[in-house]
Amino acid sequence: MNLSNKAAFELGRNIATTLHHCGTDHVMRGAIIMVKTDIYLSITKPATRIEFERGYRTTLDAIEPLQQGARWAY
């Protein structure tokens, strides 16, 4: 998949936000994480992969901070 770095960052942010909206539904959260992994593996450029992951992690850290050392998303 060819994306610009900015588009990859935004896609990562959107996936993190979607994951947050799933709340405590473990099935939905698992499905979102599987989709995230599939997207990550389909990105061909390493720099774009880094931006995708950075967008995902920074957003998830902001909306779901670590609680007692454990993160919802793996």
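First, a word on scope: everything that follows refers to the structure included in this document.

How each quantity is defined
Residues numbered from 1 in each chain as written. Predicted model: local features only at pLDDT ≥ 70, side-chain atom pairs only at ≥ 80, totals over all residues. Heavy atoms only, no water. Helix = DSSP H or I, 4+ residues; strand = E, 2+ residues; numbered from the N terminus. Expected span 1.5 Å × (residues − 1). Buried < 20%, exposed > 50% of the residue type's maximum accessible area, 1.4 Å probe, protein only. Contact = heavy atoms within 4.5 Å.

On to helix H3 (residues 46-63), then. Here H3 is 18 residues long and its end C-alpha atoms lie 26 Å apart, about the 26 Å a rise of 1.5 Å per residue gives. Turning to H3, its buried residues are Thr48, Glu51, Phe52, Glu53, Gly55, Tyr56, Thr59 and Leu60. Here the buried face of H3 lies against helix H1 (5-21) and helix H2 (26-42).

The subject of this paragraph is the side chain of Lys36. Mapped onto the secondary structure, Lys36 falls in helix H2. Sequence-distant contacts of Lys36, defined by excluding residues within four places in its chain, comprise Ile15, Phe52, Glu53 and Tyr56.

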